[in-house]
Amino acid sequence: HLVSVILMRDPLERRLAADATVEKYFGEEESRTEEEWWEFAEYEGSVNFVLTRLTPDRCGEKGEDTTEACLEEGKELLRRFTYILDVQCLEEGIKALSSELGLPRPHVKKGNTNDSLHQMTTRERIGNDEIYDFIVKRNRRDIELYEWSKGLSLVKCSELTSTPVDDDLLHVDDDADDLEIGNVSETKQPTSQPTPAKNPHEDTSKHNAIRAMQIHNYKLGRALLLNVHITHHGGTTVCNAMKQLGHAPEGACNRGDDWPETVPKYRPWGYDETDENAKALRNVYHFISWEFGIIPPTPLKEVKWESPNLVSFIVMKDPIDRRLSGDATTSKLFGEEADRTEEQWEAFAKYDGSINFMLTRLTPDHCGEEGENATIACLEHGKELLRRFTFILDIQCLEEGLEALANELGLPIPDVKKGRGRTSMSARERIGNDDIYDFIVGRNRLDLELYEWSKSLSLVDCSALDEGDFDDDLNVADAGDVDQFSDAINYNYTLNATDYSDDKFDAEDDSVFNNQSDSKSTNEELGSEISLASNNITNQDNINIDDRESIRALQIENYKKGNALLLNIHITHHAGTTFCAAMKHVGNTPEHACNNGDDWPDSVTQHRPWEYNETDRNAIELRKVYHFISWEFGKKPRSPLVDVNWESPHLVSVIVMKDPIDRRLSGDGGINRMFGKEEERTEEQWEAFAKYDGSINFMLTRLTPDRCGTEGENTTEECLETGKELLRRFTYILDVKCLDEGLEALAGELGFSLPYLNKDSGK
């Protein structure tokens, strides 16, 4: 019953925030003398101001002597708050918070500040490096806490197009350090909203938050499950499956005798009806269906799909396969498919009632009816509606989709009856006339585009399952018959990251790894609303950003549960020793520079990198002994790094990047022997150092499969893109310039803590 929010702020900027008390004791900032600045800096009441308020023993008061344990207490409390906002982008944070809570966006009134001061850094405002460094030192733990908190902030200010430090949002009066915004309490939620905002899921985090609440409420019996059923999209199969899991209306799940009198039987509902109707129906049914053979009488976009009382899904289908679905009406009009004449096929193709059948039902103006003349704007309307549904299933793998849906909702797996279908022939072969086939495709072009696009949002990626004869033609009989489909789909294994226990997955079970080189696996991360499928892929162009985030979330979850290994890809002189030393504080690592150790499992090769098919098994075996290992590459890898299965759910990979010129100047014994010590190097030695071929594009030559970086200034853009593509596949990238902060952030991501790392004295 409590939603908590805290605003975090750079502690030095907070320290410089003006109020009457500060000005009374230390003078106004613009006219403050050096003596007053020193008194200001030494004032005990503001030492680690945030930590002293967040921790139970006010441990932050110890200033530079504040311990790591104190910092961890502060972090622990922050983790418990519902939201963290960053003052650097507070206006965006308030807007995001309003969206999360379903509130109208408040007007943020900006307060009065001194513009000239706020264009200066805190160091410039203080104007004395010694005083500045003194304040930083005393408030070091507050600074660390703020930097760490950015990783949990509802809006990541650094990811915005531009990140102005909007300190004038903080209007400080004479009495308190407070924020003035428009009076939200006086802004009431509209009583009606016939046209919701263009995209309620502007970003993935919003969509996931809405979806998580809907799923949570369904599990508690407070939300209704609703299938938006386009005729011939497997609705009968879905209905029969849902009846196994709870009470549903008897009339094809569309209506029933015990339908509540307070709920109208028409569909779709208006925006203002959705909450109450869904709640009333959930008191009777767990699931209902809305079938749309005809065009909806009111636009589907007017339904409140974001209602916490509604879990919605739609089954998508190839529109040409749908067009060929047989029913009594089609057979009556155009004859049975097997006996259809060319004249009947032509009449079938020209029938206007099925042009872009999906879009005409999903869009507010039925724009798909224009066939080949339908616009891209029409397609975008359809996409926009699909984004608002809780789930999308693909009929090509409906059995797996229903299983995944059941897992998401905490239901037992329904028994989906399999039966007859006609999938041995393609749609082109079934029609038997290229001209007629092309004519149908042309008229339904946008429906085809919508279906292909929808696959990227599908709960299960059918293309990642083993190839089989998918039965697209689920509705092969009259409306009264049960939709059926084939059982030709097989795949190796499914990892459920929310129930990842030994009885779900045994690392010793060789069946998991059978035919790994040819297998394609589906990994479902239910707790974070993640569905992904990963293949044996060396060209990662077909993994989109959402897939990468899903892969990463599963890797992190498995690391926290002891089922994934943390691996640093260590380019020599990229702070591998610092990284290794930090990880030794966390858990067991190989003793020899984290690269190899005496207790290395006999079953795991010590060569690196691994081949694709070795990755899963080796990572699982090593995690039984170590939480972290490192692969150092001073020499070029023996085999290309792209061949490693970086998408493995059992591997969390990290690379530390470094300015290549700084790296080139890193001293070691070999360099000094060849070119002399840096401080004593002659011009001739510097020239020899510069011309040394062994360090040309050092990173690229280690990251790319053909070591293309050795071509120096002639290295191609394509070589650079190959390096970028590999970096995208790693779970994390750290920058050596702020390695301490990077390691702290990594620790926060993976759920462990690190002792404070002193910055490298040579940095």
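For clarity, every value in this text was computed on a predicted model and none was experimentally measured.

Definitions and cut-offs
Residues numbered from 1 in each chain as written. Predicted model: local features only at pLDDT ≥ 70, side-chain atom pairs only at ≥ 80, totals over all residues. Heavy atoms only, no water. Patch = residues over 30% accessible without salt bridge, like charges linked within 9 Å, V, L, I, M, F, W, Y side chains within 5 Å. Areas by Shrake-Rupley, 256 points an atom, 1.4 Å probe, with all protein chains shown as cover. Salt bridge = Lys/Arg side-chain N within 4 Å of Asp/Glu carboxyl O. Lys, Arg positive; Asp, Glu negative; His and termini not counted. Charge placed at Lys NZ, Arg CZ, Asp CG, Glu CD. Helix = DSSP H or I, 4+ residues; strand = E, 2+ residues; numbered from the N terminus. Pairing = 2+ DSSP bridges. Axes fitted to C-alpha atoms, helices over the stretch in contact; angles between N-to-C directions. Contact = heavy atoms within 4.5 Å. Buried < 20%, exposed > 50% of the residue type's maximum accessible area, 1.4 Å probe, protein only. Polar contact = N/O pair within 3.5 Å; in protein donor to acceptor, adjacent residues only side chain to side chain. pLDDT = per-residue confidence, 0-100. Phe/Tyr/Trp six-rings, centres within 6.5 Å; stacked < 30°, edge-to-face > 60°. Lys NZ or Arg CZ within 6 Å of the ring centre and 35° of its normal. 1 Å grid on protein atoms, 1.4 Å probe; cavity = no way out; pocket = protein on both sides within 12 Å on 5 of 7 lines; lining within 4 Å. Points joined across faces, edges and corners; volume = space filled by probe spheres on them. Nonpolar A, V, L, I, M, F, W, Y, C, P; charged D, E, K, R; others polar. Disulfide = S-S within 2.5 Å.

Enquirer: Describe a negative patch on the surface, naming the residues involved and giving the relevant values.
Expert: On the surface, Glu342, Glu343, Glu346 and Asp435 cluster together into a negatively charged patch. A per-element tally of the negative patch places helix H16 (residues 342-350) first, with 3 residues.

Enquirer: Break down the sheet that holds strand S6 (residues 391-394) for me, citing the residues and quoting the values.
Expert: Sheet architecture is open: 4 strands sit in the order S4-S3-S5-S6, paired in parallel fashion. Sheet topology places strand S4 (287-292) and S6 at the edges, where each strand pairs with a single neighbour. The sheet shows a mean angle of 25° between the axes of neighbouring strands, direction not considered. Bridge count between strand S3 (residues 224-230) and S4: 6 bridges; the pairing is parallel. Pairing of His229 across the sheet is with Glu291, part of S4. Set on the sheet, helix H19 (residues 398-408) makes contact with strand S5 (310-316) and S6; between it and S6 the angle comes to about 155°.

Enquirer: Account for the environment of Arg388, naming residues and giving values.
Expert: Note on placement: Arg388 falls in helix H18 (residues 376-388). When its relative accessible area of 4% is taken as the criterion, Arg388 is described as buried. Residues Arg388 and Ile210, 178 residues apart in the sequence, show an inter-C-alpha distance of 9.7 Å. A polar side-chain atom of Arg388 sits 2.8 Å from the main-chain carbonyl oxygen of Lys301.

Enquirer: Mind laying out the sheet that holds strand S11 (residues 628-633), listing which residues take part and the relevant values?
Expert: The sheet built from 4 strands is open, its strands ordered S11-S10-S12-S13 with parallel pairing. Strands with a single pairing partner mark the edges of an open sheet, and in this sheet they are S11 and strand S13 (732-735). Averaged over all adjacent pairs, the angle separating strand axes in this sheet is 25°, with direction ignored. Each of strand S10 (565-571), S11 and strand S12 (651-657) is contacted by helix H25 (residues 612-623), which is oriented at about 110° to S10, the strand it contacts most.

Enquirer: Tell me about the pattern of salt bridges, and name the residues and values.
Expert: Applying the stated criterion to the full structure yields 29 salt bridges. For Lys95, the salt bridge is made with Glu91, and the minimal N-O distance between the two is 3.9 Å. Of the two residues, Lys95 and Glu91 both sit in helix H6 (residues 90-100), 4 residues apart, roughly one turn of that helix. Residue class for Lys95 comes out partly exposed when judged on its relative accessible area of 30%. Judged by its relative accessible area of 21%, Glu91 falls in the partly exposed class.

Enquirer: Give me the confidence of the model for the protein: which residues, what numbers.
Expert: Within the protein, residue pLDDT values average 79, and 80% of them lie at 70 or more. Every residue in residues 418-422 scores below 50 in pLDDT, and together they form 21 contacts with partners more than four places removed in sequence or on other chains.

Enquirer: How would you summarise the packing of aromatic side chains if you had to cite specific residues and measurements?
Expert: Overall, the coordinates contain 24 aromatic pairs when judged by the stated rule. Look at Trp269 and Trp290: their rings are 4.9 Å apart centre to centre, the planes differ by 90°, and that puts the pair in the edge-to-face class. Residue Trp269 is found in the loop between helix H12 (235-243) and helix H13 (271-282), and its partner Trp290 is found in strand S4; the two are separated by 21 residues along the sequence. Like Trp269, the residue Trp290 is buried in the burial classification. Pairing Trp610 with Trp631 gives two aromatic rings, centres 4.9 Å apart and planes at 90°, and the pair type is edge-to-face. In this pair, Trp610 is assigned in the loop between helix H24 (576-584) and H25 and Trp631 in strand S11, connecting sequence segments 21 residues apart. Site record: aromatic cluster; members linked through ring pairs are Tyr25, Phe26, Trp37, Phe40 and Tyr43. Directly above the ring of Phe49 sits Arg14, whose terminal nitrogen or CZ lies 3.5 Å from the centroid. Positioned above the aromatic ring of Phe689 is the side chain of Arg664, whose terminal nitrogen or guanidinium carbon lies 3.8 Å from the ring centre.

Enquirer: How would you explain the environment of Ala41 if you had to name every residue and give the values?
Expert: As for its placement among the helices and strands, Ala41 is situated in helix H3 (residues 34-42). Measuring from C-alpha to C-alpha, the distance between Ala41 and Phe134 comes to 7.3 Å, with 93 residues separating the pair along the chain. Sequence-distant contacts of Ala41, defined by excluding residues within four places in its chain, comprise Arg15, Ile131, Phe134, Ile135 and Arg138.

Enquirer: So what's going on with unusual backbone geometry? Which residues, and what values?
Expert: The omega torsion across Arg267 and Pro268 is 0°, close enough to zero to call that bond cis. When you line up the elements, Pro268 lands in the loop between H12 and H13. Cis geometry marks the peptide bond from Arg608 to Pro609; its omega dihedral reads 0°. Structurally, the position occupied by Pro609 is in the loop between H24 and H25. For Asn48, which is not a glycine, the phi torsion comes out positive at approximately 40°. Relative to the assigned elements, Asn48 resides in the loop between H3 and helix H4 (49-54). The exposure class assigned to Asn48 is buried, which follows from its relative accessible area of 0%. Despite not being glycine, Arg707 shows a phi value in the positive range, around 50°. Looking at the secondary structure, you find Arg707 in the loop between helix H29 (698-703) and helix H30 (717-729). Under the relative-accessibility criterion, Arg707 is labelled partly exposed at 32%.

Enquirer: Please set out empty space enclosed by the protein residue by residue, giving values where relevant.
Expert: All chains considered together, the criterion is met by 7 cavities of 30 Å³ or more. There is about 50 Å³ of room inside the second largest cavity. Along the walls of the second largest cavity sit Arg15, Leu16, Ala17, Ala18, Val22, Glu23, Glu28, Glu29, Arg32 and Phe40, which together make up its complete lining. Grouping the constituent residues of the lining of the second largest cavity by class yields 5 nonpolar, no polar and 5 charged.

Enquirer: Now, about the state of the cysteines: what can you tell me, with residues and values included?
Expert: What the rule picks out here adds up to 7 disulfides. A sulfur-sulfur separation of 1.9 Å characterises the disulfide bridge that pairs Cys708 with Cys719. With the S-S dihedral at roughly 80°, the linkage between Cys708 and Cys719 falls on the right-handed side. Of this pair, Cys708 sits in the loop between H29 and H30 while Cys719 sits in helix H30, and the two are 11 residues apart along the sequence.

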